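Letter by letter, the chains look like this.
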Amino acid sequence: MGKCDGRCTLLVICSLQLVAALQRQVFDFMGYQWAPILANFLHIMAVILGMFGTVQFRFRYLIFYAVWLVLWVGWNSFIICFYLEVGNLSQDRDFLMTFNTSLHRSWWMEHGPGCLVTPVLDSNMAPDDHHVITVSGCLLDYQYIEVLSSAFQVLLALFGFVYACYVSKVFQDDEDSFDFIGGFDSYGYQPPQKSSHLQLQPLYT
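Thresholds, definitions, all that
Residues numbered from 1 in each chain as written. Predicted model: local features only at pLDDT ≥ 70, side-chain atom pairs only at ≥ 80, totals over all residues. Heavy atoms only, no water. UniProt positions renumbered as here; feature names shortened; annotations may be inferred. Helix = DSSP H or I, 4+ residues; strand = E, 2+ residues; numbered from the N terminus. Buried < 20%, exposed > 50% of the residue type's maximum accessible area, 1.4 Å probe, protein only. Contact = heavy atoms within 4.5 Å. Disulfide = S-S within 2.5 Å.

Chemist: Please explain the UniProt feature "transmembrane region" (unreviewed entry) in the protein as it appears in this structure.
Modeler: The residues that UniProt annotates with the feature "transmembrane region" (unreviewed entry) are residues 34-55, 62-86 and 147-166. Across residues 62-86, helical content stands at 88% and strand content at 0%; the span's end C-alpha atoms are separated by 33 Å.

In structure tokens:
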């Protein structure tokens, strides 16, 4: 029963991770955040592999999933530090998120709750094919939305890591204690003994 409970819980966690990653992928696509898009894609593949390993009792797939979650926690911790500008990190370095292919930032910068976007006309600060805007009145700044999203990913990853280790341990224990057709029985199969006392019957022709 414990094995079933652990597997079911892990499947629920993987499902939540999949939904959260797909939601995040959509908003990162709209913001042209290429580095997070790539990371989200790898995460979605790892979660699907973890779900497959849970359903099909694949020990190695769960180990791969657990190792990926460690990397995923590290990536999301970097995202949190980036948007909070911890240490030498700065949001002005757009190339970290877009591979220096565009000037776009988080989609939530202009579309956050309560945000009022005002274009600045005749500005000399804007490069070609771009425009300058001012954003005001946001109920929650985009940095904190990104931080909360990453923190939620970290929380799910921690739960997923714990349950992946637990379920893989259960799978491994089951493989070690598997009874190979009576191989561990206290008594083995014994063929019928031939009797040394055979009754001879006369033959009549």
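Chemist: Explain the environment of C115 here, please?
Modeler: Its location among the elements puts C115 in the loop between α5 (108-111) and β1 (116-120). With relative accessibility at 17%, the residue C115 sits in the buried group. The spatial distance from the C-alpha of C115 to the C-alpha of L140 is 8.5 Å, given a sequence separation of 25 residues. Ignoring sequence-local partners within four residues, the contact set of C115 consists of M109, E110, V135, S136, G137 and C138.

Chemist: How should the state of the cysteines be read in this particular structure?
Modeler: Should the sulfur atoms of two cysteines be covalently bonded, the bond is a disulfide. This structure, assessed with the given rule, holds one disulfide. For C115, the disulfide goes to C138, at an S-S distance of 1.8 Å. Between C115 and C138 the disulfide shows an S-S torsion of about 120°. By sign, it is right-handed. With a gap of 23 residues between them, C115 in the loop between α5 and β1 and C138 in the loop between β2 (132-136) and α6 (142-176) connect regions that are remote in the sequence. C138 sits in the partly exposed class, given a relative accessible area of 23%.

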